[in-house]
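Coordinate inspection notes
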Amino acid sequence: MKQKFEYPSDMPYDIKWIFQKQANPNALFRIASRLTIGMVGIISRIVIGNGKVLLNKTRIHNKHRLEDLVENRPANSPLLTISNHYSCFDDPGIFGCLKLRNVGSSKRIRWSMAAHDICFTNVWHSTFFMFGKCIPVIRGGGVYQPAVDLCIQKLKLGEWVHVFPEGKVNMEKEYLRLKWGIGRVLYETYPIIPTIIPIWHEGMDKLLPNYPPYYFRLNNKLTFNFGNPIDIKDVMKHIFDNNLDEVTARRMITDKLQDELNILRVETEKLHKES
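The present account deals with the structure reproduced in this document. Nothing here was measured: the structure is a model prediction, and the numbers come from that model.

1. With respect to empty space enclosed by the protein
Taken as a whole and assessed by the stated rule, the structure comprises one cavity of 30 Å³ or more. The volume enclosed by the largest cavity comes to roughly 60 Å³. E166, E174, Y175, L176, L178, W200, Q258, L261, N262 and R265 are the residues that line the largest cavity. Among the elements that take part in the lining of the largest cavity, helix α12 (residues 246-274) stands out by supplying four residues, more than any other. Broken down by class, the residue content of the lining of the largest cavity amounts to five nonpolar, two polar and three charged.

Printed below as a string of structure tokens:
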């Protein structure tokens, strides 16, 4: 049974209005989003360097697996990307390698979850990240919260959603258990199954460290690896053919994504050491 969500009483800022505007963006929202996404996209592309040795030494593997889908997937065909989370610049940084027409496009670029207690602490921060297509997620708020609801809605509309399923910046680079929110997203999006692209990256915590002073460091070695699409059709079929309960379903879906992401991690860490 779906649980009723309640906002924490100690929230630094009331974010309820953001979900309404992001669920039904009007013309003004789209214009402001275009400006915000364009500015951030240009900065990200400069910092990352798109595979060229400019500010940092970036090596990009299999970018076409994502970029082809961003540009050419059929209308109303949803895209879901998942990745590790090593730095506060992971998003937008890991998408800075895309072509400028994509990374700077508010229509094509992802919706992404962002921590409410970091990115949405006052009206100015909230407005900026809202127009940047960042959805405020309340860490510890469980799988039945507005951020997860909105991700499901956007996927059903055929849009691109990005999720950091570890649920936090993994500063120690542990093998963390993925949060079950991603399992609920895919469970409730069914029978629509998004194309799922896993991403693993190395070096972003050197570019923008997780300790003060917080500023970009230059001349870092960065490695981005875009994996093959994760096929969950058999898992979803098994779940619904056998009428499995939602908790079991979320676990099975999340386990499948965890296994695929761990395989990509090993491959990427090796590529990073060899580069």
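2. Observations concerning the nonpolar core
Counting 47 residues, the largest nonpolar core has L80 and L257 as the members making the most contacts within it. Per-element accounting of this core gives the leading share, six residues, to helix α8 (residues 146-156). When neighbours within four sequence positions are excluded, L80 is seen to be in contact with L155, V161, V163, I182, L186, P194, T195, I196 and I197. Counting 23 residues, the second-largest nonpolar core is a separate cluster that includes I37, L69, I199 and F224.

3. Brief notes about the sheet that holds strand β1 (residues 57-61)
The mixed open sheet is built from seven strands, whose spatial order is β1-β7-β6-β2-β5-β3-β4. Each edge of the open sheet is held by one strand with a lone partner, namely β1 and β4 (134-137). Neighbour to neighbour, the strand axes of the sheet diverge by 25° on average, direction disregarded. Where strand β2 (residues 79-83) lies against strand β6 (residues 195-202), five bridges are found, and the strand directions are parallel. Within the sheet, the bridge partner assigned to I82 lies in β6 and is P198. Together, β3 (111-115) and β4 form the strand contacts of helix α1 (residues 16-23), whose direction differs from that of β4 by roughly 145°. Sitting on the sheet, helix α3 (residues 64-72) touches β2, β5 (160-163), β6 and β7 (221-226), and the angle it makes with β2 is about 150°.

4. Focus on the state of the cysteines
Inspection of every chain in the model, using the stated rule, returns zero disulfides. C88 takes part in no disulfide bond, and the closest cysteine sulfur to it belongs to C119, at a distance of 7.4 Å. C119 takes part in no disulfide bond, and the closest cysteine sulfur to it belongs to C134, at a distance of 6.2 Å.

5. Re the packing of helix α9 (residues 181-189) against α12
Running from amino to carboxyl end, α9 crosses α12 at an angle of 110°, the nearest separation of the two axes being 8 Å. If you check the angle between α9 and α12, you find them roughly perpendicular. At the point where α9 passes α12, the crossing takes the right-handed sense. Within the contact between the two elements, α9 uses I182, G183, R184, L186, Y187 and E188 and α12 uses E246, A249, R250, I253, T254 and L257. Partitioning the contact of α9 with α12 into residue classes produces six nonpolar, two polar and four charged.

6. Remarks on the side chain of R110
As for its position among the elements, R110 is in the loop between α5 (100-103) and β3. The exposure class assigned to R110 is buried, which follows from its relative accessible area of 5%. A distance of 3.1 Å separates a polar atom in the side chain of R110 from a polar atom in the side chain of D91. In this structure the side chain of R110 is engaged in a polar contact, spanning 3.1 Å, whose partner is the backbone oxygen of G132. If near-sequence neighbours (up to four positions away) are discounted, R110 is found in contact with I37, D91, F95, G132, K133, C134, W160 and H162.

7. Let's talk about the side chain of N210
Assignment of secondary structure puts N210 in the loop between α10 (204-207) and β7. Reaching out from N210, the side chain makes a polar contact with the backbone oxygen of Y86 at a distance of 2.9 Å. Once residues within four sequence positions are removed from consideration, N210 is found in contact with Y86, S87, C88, V169, M171 and D205.

About the cut-offs
Residues numbered from 1 in each chain as written. Predicted model: local features only at pLDDT ≥ 70, side-chain atom pairs only at ≥ 80, totals over all residues. Heavy atoms only, no water. 1 Å grid on protein atoms, 1.4 Å probe; cavity = no way out; pocket = protein on both sides within 12 Å on 5 of 7 lines; lining within 4 Å. Points joined across faces, edges and corners; volume = space filled by probe spheres on them. Helix = DSSP H or I, 4+ residues; strand = E, 2+ residues; numbered from the N terminus. Nonpolar A, V, L, I, M, F, W, Y, C, P; charged D, E, K, R; others polar. Core = buried A, V, L, I, M, F, W, Y, C linked by side-chain atoms within 4.5 Å. Buried < 20%, exposed > 50% of the residue type's maximum accessible area, 1.4 Å probe, protein only. Contact = heavy atoms within 4.5 Å. Pairing = 2+ DSSP bridges. Axes fitted to C-alpha atoms, helices over the stretch in contact; angles between N-to-C directions. Disulfide = S-S within 2.5 Å. Parallel < 35°, antiparallel > 145°, perpendicular 65-115°, else oblique. Left-handed = near helix turned anticlockwise from the far one by under 90°. Polar contact = N/O pair within 3.5 Å; in protein donor to acceptor, adjacent residues only side chain to side chain.

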